[in-house]
Amino acid sequence: MRYAKRGPLRFTSHRDFARAFERALRRAGVPMAYSQGFTPHPKISYASAAPTGVASEAEYLEIGLRDAVDPAALRGALDAALSPGLDVLDAVVATGGSLADRIQASHWRIELPEVDAAVLQKAVAAFSAADEVLVERMTKQGRRTFDARAAVNSIDVITPVETPSGVPAVPCAILELVVRQVTPSVRPDDVLSGLRVVADLEPPVSPRVTRLAQGTLTAQGAIADPLEADRDGATIDGH
């Protein structure tokens, strides 16, 4: 299944979403399969959840069911049972293979209010030219230093049609990047830290980050839909 986190609901943590999704499954009467043992849990597997505060059009999960259901009806029932802003967009019947194995990269958009596009372009050029860009991040294992450059497959400055605020007088540079799944993971904030390292770029306003896609990285650098292999004409897209 593919779902989105939009608007204020982007601040929903992964744990909060998991709780809301389990409640939605119960309200929708979904015939869930459960794990074995003393404390059975519904069989739900999440793939590479976006960080709290990040919007996304491409979050993915798998659920195990006791009985076959119509994917279109399931998508609609779960979407109706979740709050607006947590939107179930697509559902297919899995035909085999792990969903996690089909997610090799993510496509991100980063809006940077009050940053001039020319300034961002110079920072991106410096980042792209670097052999490595070392950044630091606090992890569960303590503070780690790693290369934010190697995982970035592409990074571009795009021209916005209009500013997110809708006020033309306010500049807003927009960065789009495709980042490969690596260990440790490289997140959009790590790339922004890298731009600070190579070009001293310090956005005056908190950036707005959206994940646009996840999936298999093609030879052309595009991202293929991870659900495509399972489509048989019985799916529904919730756009």
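For the structure, check the block above.
The text that follows walks through the structure, step by step, so that each part is easy to find. Remember, predicted model here, so these are calculated numbers, not experimental data. (Residues numbered from 1 in each chain as written. Predicted model: local features only at pLDDT ≥ 70, side-chain atom pairs only at ≥ 80, totals over all residues. Heavy atoms only, no water.)

## Structural notes on the pairing of strand S10 (residues 208–217)
Keep this limit in mind: Strand pairing is defined by DSSP finding a minimum of two bridges between the two strands. Secondary structure elements are taken from DSSP: a helix is a run of H or I of four residues or more, a strand is a run of E of two residues or more, and numbering for both begins at the N terminus.
The pairing of strand S3 (residues 55–63) with S10 spans 2 bridges and is classified as parallel. Paired with serine 56 across the two strands is arginine 211, which belongs to S10. Pairing analysis gives 2 bridges linking S10 to strand S11 (residues 223–224), with the strands arranged antiparallel. Paired with threonine 216 across the strands is alanine 224, a residue of S11. Adjacent in sequence and paired antiparallel, S10 and S11 are bridged by 5 residues, among which glycine 221 carries a positive phi angle near 90°.

## Quick word on the pattern of salt bridges
The test is simple: Any carboxyl oxygen of Asp or Glu within 4 Å of a side-chain nitrogen of Lys or Arg constitutes a salt bridge here. Only protein chains enter the accessibility calculation, which uses a 1.4 Å probe; a residue whose area is less than 20% of its type maximum is buried, one above 50% is exposed, and one in between is partly exposed.
Across all of its chains, the model carries 14 salt bridges by this definition. The closest approach of N and O atoms between arginine 6 and glutamate 57, which form a salt bridge, is 2.7 Å. Of this pair, arginine 6 sits in the loop between strand S1 (2–5) and helix H1 (14–27) while glutamate 57 sits in strand S3, placing them 51 residues apart in sequence. We classify arginine 6 as partly exposed; its relative accessible area is 28%. Here aspartate 189 ties to arginine 187 by a salt bridge, and the two come within 3.1 Å at their closest N and O atoms. Given the relative accessible area of 36%, aspartate 189 is considered partly exposed. Residue arginine 187 is classed as partly exposed on the basis of its relative accessible area, which comes to 28%. Taken together, the salt bridges that share partners define one network made up of Asp90, Asp225, Glu228 and Arg231.

## Things to note about the environment of leucine 112
Our working definition: We call two residues in contact when some of their heavy atoms are within 4.5 Å.
Inspection of the secondary structure assignment puts leucine 112 in strand S5 (residues 105–113). By relative accessible area, which is 0% here, leucine 112 ends up buried. Contacts of leucine 112, omitting those with residues within four sequence positions, involve Leu120, Pro171, Cys172, Ala173, Leu192, Pro203 and Pro207.

## Quick word on the nonpolar core
Basically, it comes down to this: In plain words, nonpolar cores are sets of buried Ala, Val, Leu, Ile, Met, Phe, Trp, Tyr and Cys residues tied together by side-chain atoms within 4.5 Å.
Within the largest apolar cluster, 28 residues are counted, with the highest numbers of intra-cluster contacts made by Leu120, Ile155, Leu175, Leu177 and Leu195. Among the secondary structure elements, those contributing two or more residues to this core are S5, helix H3 (117–129), strand S8 (152–158), strand S9 (172–180) and helix H4 (188–199). Apart from residues lying up to four places away in sequence, isoleucine 155 is in contact with Val124, Phe127, Ser128, Leu175, Glu176, Leu177 and Val191. Core analysis: the next-biggest nonpolar cluster, separate from the first, contains 19 residues, Tyr3, Phe17, Leu25 and Met32 among them.

## Notes on the side chain of threonine 12
Inspection of the secondary structure puts threonine 12 in the loop between S1 and H1. If we ignore the near neighbours within four places in the chain, the residues touching threonine 12 are Lys5, Phe17 and Thr52.

## Re H1
Cut-off, in case you're wondering: Take the residue count of a helix, subtract one, and multiply by 1.5 Å to get its expected span. Directions drawn from the helix axis to the C-beta atoms are what define this arc.
An ideal rise of 1.5 Å per residue puts 20 Å on 14 residues; H1 measures up with 20 Å between its terminal C-alpha atoms. Looking only at H1, the buried set comprises Phe17, Ala18, Ala20, Phe21, Ala24 and Leu25. Along the axis of H1, the buried positions cluster into a sector of 170°, meaning they face one direction only. Opposite the packed face of H1, turned more than 90 degrees from it, sit the exposed residues Arg15, Arg26 and Arg27. Looking at the buried positions of H1, the neighbouring elements they touch are S1, strand S2 (44–47), S3, helix H2 (71–81) and strand S4 (86–91). Backbone geometry just downstream of H1 places glycine 29 in the positive-phi region, at approximately 65°.

## Describing the environment of alanine 77
With respect to the helices, strands and loops of the structure, alanine 77 is situated in helix H2. Taking the relative accessible area as the measure of exposure, alanine 77 reaches 31% and is therefore partly exposed. In sequence terms alanine 77 and arginine 27 are 50 residues apart; their C-alpha atoms lie 8.8 Å from each other.

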